[in-house]
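One letter stands for each residue in the lines below.
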Amino acid sequence: MINTESKFGLNYLEGSILKDGISKIYKDYHDKVEAIVKEWLASGIDQVYFVGCGGSRAIMEPVKLILDKYSSIPADAYTGWEFVNRAPERLNERAAVVLASHSGTTEEVLKSLDLAKERGAKTISFSLNDTPLQKGAENSLVYNTPAVNLAKLFMSYLVTTQLVIQSGNKAFGEELWQALSALPEKLQEIINVTEERGKALAKQYKDKKGYYLVATGMLAGLAYQFKVCTLLEMQWIHASHINAGEFRHGPFEIVEEGQPMIFLLGTDESRPVAERALNFANRYKADTIVFDLKELPEIHPYLAPFGVHIALQWFAWHLAQERDHPLPTRRYMWKVEY
Ligand SMILES: O=P(O)(O)OC[C@H]1O[C@](O)(CO)[C@@H](O)[C@@H]1O
């Protein structure tokens, strides 16, 4: 059943909204991205920077990991002000700067665009259409779907996978490219099997006051995103995220009976690190909630942030209803000066 937009906003997990949105991006841009990357490499690009803020930054963590592991091109991911203030010395005409901003108006992302252009770098943006960012970047990819973070994430994957194919582990890149083309259908399957649990969890946890999110590897960025965008921004619930690799280096001291802790488990090589932290939390009776990629319809390990995002988003969507706190509610953002 498709909900028309209510006070709770539009649910991009309803019907085929997500599948259609991501399919369109694939159709519109897979050839274009292949050509852009070809042109970058032909002109001597040898480093890549990803820049964005909040949710638009979180999506860049998994692609940096993929580039580190499978391409010969050094990559870095920055939040906007960090990029502007650090102004990397090596940022020059051999760099490509990937800038993501849903609104295309975020001040520090626009300043990052200026910096990239001043240094002669190539630029590409991911945003809504007809925004200052889209107009200012040399190349721009735009979307028209309410699944805004997954849209930007998918665009980051298109660019990253082409970099891997054209300057890295070609076989792995081609495998991932193939998986990206099949992803929209896969996402639909995942949507269909994850709602019930999200709903049940929301009922169970609706009165909890705070969460720790623990993840690593391909899912570290998603833990950050769920903390920043969903729990803090959209639900006003206390939250903190911990890289599972850091768990036993201090954070584990907070574990106590009944403390809600959300663990995200992927199927990449970092899984044992997350499992080790989870086992510890269970041993000391924390209230652990596990979102495990292994329990979803099978998806490429390096596409984990898409699959687990959906399972988390059902939880968020139903939590908002249970708490009668719609996800679009803000008290400061877009309302006061900040
Ligand atoms: O630059 P963008 O993507 O418009 O994002 C700005 C805001 O949107 C969010 O990603 C989500 O609302 C925030 O974290 C951020 O402040």
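Check the entry above for the structure.
Residues numbered from 1 in each chain as written. Predicted model: local features only at pLDDT ≥ 70, side-chain atom pairs only at ≥ 80, totals over all residues. Heavy atoms only, no water.

Engineer: Provide a residue-level description of the nonpolar core, including the pertinent values.
Structural biologist: With 89 residues, the main nonpolar core has W40, Y157, I262, L264, F291 and F315 as its most contacted residues. Counting the residues that make up this core, at least three belong to each of domain 1 (17-168) and domain 2 (184-322). The residues touching Y157, leaving out its near neighbours within four places in the chain, are P62, V63, I66, L176, L180, M218, Y302, L303, P305 and F306. Counting residues in hydrophobic clusters, the runner-up holds 15 residues, among them V51, L99, V109 and L113. (Core = buried A, V, L, I, M, F, W, Y, C linked by side-chain atoms within 4.5 Å. Buried < 20%, exposed > 50% of the residue type's maximum accessible area, 1.4 Å probe, protein only. Domains from an automatic or database assignment. Contact = heavy atoms within 4.5 Å.)

Engineer: Pulling in residues and values, what's your account of the pairing of strand β7 (residues 238-243)?
Structural biologist: Strand direction decides the pairing type here: strand β6 (residues 210-215) and β7, joined by 6 bridges, are parallel. In the sheet register, A215 faces β7, and the bridge partner there is N243. For the crossover from β6 across helix α9 (residues 220-234) to β7, the handedness is right-handed. (Pairing = 2+ DSSP bridges. Helix = DSSP H or I, 4+ residues; strand = E, 2+ residues; numbered from the N terminus. Right-handed = clockwise from strand over helix to strand, strands pointing away.)

Engineer: Outline the pairing of strand β1 (residues 47-51), supporting the account with residue identities and numerical values.
Structural biologist: Within β1, 5 of the 5 residues are buried, leaving the element largely enclosed by the surrounding structure. The alternating pattern of β1 places Q47, Y49 and V51 on one face and V48 and F50 on the opposite face, and all of these are buried. One ladder, built from 5 bridges, connects β1 with strand β3 (residues 95-100); its direction is parallel. Along β3, the bridge assignment pairs Q47 with A95. In terms of strand pairing, β1 meets strand β2 (residues 75-78) through 4 bridges, oriented parallel. For Y49, the partnering residue across the bridge sits in β2 and is D76.

Engineer: Outline α9, supporting the account with residue identities and numerical values.
Structural biologist: Taking 1.5 Å per residue as the helical rise, α9 with its 15 residues ought to reach 21 Å, and the 20 Å between its terminal C-alpha atoms agrees with that figure. If you look at α9, its biggest bend is around 30°, right at F226. Of all the 15 residues making up α9, 13 are buried; the element is thus mostly covered by neighbouring parts of the structure. Taken from the residues just after α9, W236 is the one with a positive phi, measuring 55°. (Expected span 1.5 Å × (residues − 1). Bend = angle between axes of the 7 residues up to and from the residue.)

Engineer: Explain the sheet that holds strand β4 (residues 122-127) to me, and be specific about the residues and the numbers.
Structural biologist: In spatial order, the strands read β2-β1-β3-β4-β5; together these 5 strands make up an open sheet with parallel pairing. The open sheet is flanked by β2 and β5 (139-142), the only strands paired with a single partner. Between one strand axis and the next, the sheet turns by 15° as a mean value, whatever way the strands run. Set on the sheet, helix α1 (residues 17-42) makes contact with β3, β4 and β5; between it and β5 the angle comes to about 155°. Each of β1, β2 and β3 is contacted by helix α3 (residues 60-70), which is oriented at about 165° to β2, the strand it contacts most. (Axes fitted to C-alpha atoms, helices over the stretch in contact; angles between N-to-C directions.)

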